[in-house]
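The residues making up each chain are set out below.
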Amino acid sequence: MYGNPVPSTATVGTTKGNHIEHLLSYSSGRGSFWFSRILRKEGRQMQKYNSFLVLDFEATCEKGSTIEPQEIIEFPCIKVNGQTCAIEDTFHQYVKPKENPILTPFCIELTGIIQDMVQNQPYFEERFIQFQQWVERNGSWKPDQKSIFVTCGDWDLQVMLPKQCKQVNMDIPCEMRRWINVKKAFAAATGYFPRGIIDMLTKLNLQHEGRLHSGIDDCHNIVRILKALMDMGYILEETSSLKMNK
């Protein structure tokens, strides 16, 4: 959700070669480790996962301070094929905040979520059960399927979900305790640690689509980043995990 947006001056890349050439301009020279690594990995490789579950929460917020307790208000997740990055299923629901039910003007301006979009929606407890049922239905958590969540940053699954689940006394499924932080994956693939979604798209020579800090739009843009990394031959691996007693 959170990042430092930068103006996008990129043009739409039309081929895998455009992505790689654009990324190489950010490496430290044609003899560098990162340059050689990209060349060695050029071309799509077999990924380790059957599917990626791209997730990006939006939550209650206020300018210059943190609302306590902070609560999830948009819950989007896109299931994509682990080899082709084609979208296979989508979960997208809004959530009514319980403790601070009135959205702040700053939150509305940042996310584009207005009061009417959350007013008559279920609380998090019901939405979280619906989400887990959705994942079960689409087969992502079957024993013979290897899937992993993907986020932009560690905030969603390391901070926000644990806080929200603690508030309502719900357990976090073990499948949601490990994930790929696409910013860390991008850094491993290119040698450059990005500031956020727009920064990654710019360096991939792709235009940003939709609204920044719209959860579902952010998910779609993360999918595009994943696909670009896969096209250049990068093998996506777990970057982050949550250690909890439950």
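Now for a description of the structure that goes with this document. Note that the structure is predicted; figures quoted are calculated from it, not measured.

On to the environment of K227. Inspection of the secondary structure assignment puts K227 in helix α9 (residues 215–231). Relative accessible area serves as the criterion here: at 36%, K227 is assigned to the partly exposed category. The sequence separation of K227 and V80 amounts to 147 residues, and the corresponding C-alpha distance is 9.9 Å. Dropping the residues within four chain positions of it, K227 is found in contact with R44, T84 and C85.

Below, the discussion takes up unusual backbone geometry. A cis amide bond, omega -10 degrees, links E68 with the succeeding residue P69. The topology assignment puts P69 in the loop between β2 (58–59) and β3 (72–81). Even without a glycine there, the phi angle at C85 is positive, about 65 degrees. Along the chain, the position of C85 falls in the loop between β3 and β4 (87–94). One non-glycine residue, N169, adopts positive backbone phi at about 60 degrees. On the accessibility criterion, N169 (62% relative accessible area) is exposed.

Right, let's talk about the nonpolar core for a bit. Judged by nonpolar contacts, the single largest core of 31 residues is most densely connected at F52, V182, I225, L229 and L236. At the level of secondary structure, the elements contributing two or more residues to this core comprise β1 (51–55), β3, β5 (147–151), α7 (182–190), α8 (197–203) and α9. When neighbours within four sequence positions are excluded, F52 is seen to be in contact with Q47, I78, K79, V80, N81, G82, I148, V150, I180, L226, M230 and L236. The next biggest cluster of nonpolar side chains, apart from the first, holds 27 residues, and it includes F57, A59, L157 and M160.

The relation between two aromatic rings is expressed through the spacing of the ring centres and the mutual angle of the planes. This model, assessed by the stated rule, comprises 12 aromatic pairs. Between the aromatic rings of F91 and F131, the centroid separation amounts to 5.3 Å while the plane-to-plane angle is 75 degrees, which identifies the pairing as edge-to-face. Placement of the pair is F91 in strand β4 and F131 in helix α5 (residues 124–137), with a sequence separation of 40 residues. Like F131, F91 is buried. Relative to F128, the ring of F124 lies with its centre 5.0 Å away and its plane at 25 degrees, an arrangement referred to as stacked. One end of the pair, F124, and the other, F128, are both in helix α5, 4 residues apart, so they sit about a helical turn from each other. Side by side, F124 and F128 carry an identical accessibility label, which is buried. Aromatic ring contacts, followed pair by pair, group F57, F75, F91, F124, F128, F131, W134, W141 and F149 into a single cluster. Its end group placed over the ring of Y123, K98 keeps NZ or CZ at 4.9 Å from the ring centre.

Let us now look at the pairing of β4. Examined bridge by bridge, β3 and β4 share 7 bridges and lie antiparallel to one another. Of the residues in β4, the one forming a bridge with I78 is T90. Taken together, β3 and the strand that follows it, β4, pair antiparallel across an intervening segment of 5 residues, in which C85 is found at a positive phi of about 65 degrees.

Okay, the packing of α7 against α9 next. In a pair of packed helices, the angle between the axes and the distance between the axes together describe the arrangement. Running from N to C, α7 and α9 cross one another at 25 degrees; their axes reach a closest spacing of 11 Å. Here α9 runs roughly parallel to α7, going by the angle between their axes. As α7 packs across α9, the resulting crossing turns out to be left-handed. Where α7 abuts α9, its residues V182, A185, F186 and A189 lie against I222, I225, L226 and L229. Class assignment for the residues of the contact of α7 with α9 results in 8 nonpolar, no polar and no charged.

Okay, α9 next. Along an α-helix, residues three or four apart share an orientation, since each turn contains 3.6 residues. Helix length check: α9, at 17 residues, gives a terminal C-alpha distance of 24 Å against a target of 24 Å (1.5 Å per residue), a fit within 8%. The element α9 is largely enclosed, with a buried count of 13 among its 17 residues. Looking one or two residues past α9, G233 carries a phi angle of roughly 95 degrees, positive in sign.

Of all 9 residues in α7, 7 are buried, a share of seventy percent or more. All of the buried residues in α7 are V182, K183, A185, F186, A187, A189 and T190. The residue sitting at the N-terminus of α7 and contributing the capping side-chain oxygen is N181; that oxygen lies 3.0 Å from the backbone nitrogen of K183. Immediately downstream of α7, the backbone of G191 shows phi near 85 degrees, a positive value.

Basis of the calculations
Residues numbered from 1 in each chain as written. Predicted model: local features only at pLDDT ≥ 70, side-chain atom pairs only at ≥ 80, totals over all residues. Heavy atoms only, no water. Helix = DSSP H or I, 4+ residues; strand = E, 2+ residues; numbered from the N terminus. Buried < 20%, exposed > 50% of the residue type's maximum accessible area, 1.4 Å probe, protein only. Contact = heavy atoms within 4.5 Å. Core = buried A, V, L, I, M, F, W, Y, C linked by side-chain atoms within 4.5 Å. Phe/Tyr/Trp six-rings, centres within 6.5 Å; stacked < 30°, edge-to-face > 60°. Lys NZ or Arg CZ within 6 Å of the ring centre and 35° of its normal. Pairing = 2+ DSSP bridges. Axes fitted to C-alpha atoms, helices over the stretch in contact; angles between N-to-C directions. Parallel < 35°, antiparallel > 145°, perpendicular 65-115°, else oblique. Left-handed = near helix turned anticlockwise from the far one by under 90°. Nonpolar A, V, L, I, M, F, W, Y, C, P; charged D, E, K, R; others polar. Expected span 1.5 Å × (residues − 1). Polar contact = N/O pair within 3.5 Å; in protein donor to acceptor, adjacent residues only side chain to side chain.

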